[in-house]
Amino acid sequence: MISTSLMSLIICFFAVYVYVNTTEEIVKIVTAGIALLCLFLSIIFAPWTIVLVLVISLLFFQFPLLKY
């Protein structure tokens, strides 16, 4: 499970790198979608302790992006 999570996270970082360094609009849309999908998959394949830490950090810390 860890190897699947790490592989998905590496693909996510590569997609973000391509997103930042390209000027084509379609490529940016596709790489942003791939990055979000891989980030979601890396959270799914992560061990439950890491997911628990992520959920607790979202619940107890105040992030400016989560305020409406």
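If you're wondering where the values come from, they're calculated on a predicted model, not measured in any experiment. (Residues numbered from 1 in each chain as written. Predicted model: local features only at pLDDT ≥ 70, side-chain atom pairs only at ≥ 80, totals over all residues. Heavy atoms only, no water.)

Caption draft 1: Here's a closer look at the overall build of the chain. Looking only at helices and strands, the chain has three helices and zero strands in total. Going residue by residue from the N terminus, the α and β elements of the chain occur as α-α-α. The proportion of buried residues among the 68 residues of the chain is 16%. On the chain, roughly 5800 Å² of surface is accessible, and the fraction owed to carbon and sulfur atoms is 79%. (Helix = DSSP H or I, 4+ residues; strand = E, 2+ residues; numbered from the N terminus. Buried < 20%, exposed > 50% of the residue type's maximum accessible area, 1.4 Å probe, protein only. Areas by Shrake-Rupley, 256 points an atom, 1.4 Å probe, with all protein chains shown as cover.)

Caption draft 2: Representation of the packing of aromatic side chains in the model. Scanning all chains against the criterion turns up zero aromatic pairs. Its guanidinium or amino end placed over the ring of Tyr19, Lys28 lies 4.9 Å from that ring's centre, counting from NZ or CZ. (Phe/Tyr/Trp six-rings, centres within 6.5 Å; stacked < 30°, edge-to-face > 60°. Lys NZ or Arg CZ within 6 Å of the ring centre and 35° of its normal.)

Caption draft 3: Fine view of the confidence of the model for the chain. Confidence along the chain averages 81 in pLDDT terms, with 88% of residues attaining 70 or more. Averaged pLDDT values for the elements of the chain fall to 80 in helix H3 (residues 48–60) and rise to 86 in helix H2 (residues 25–45). (pLDDT = per-residue confidence, 0-100.)

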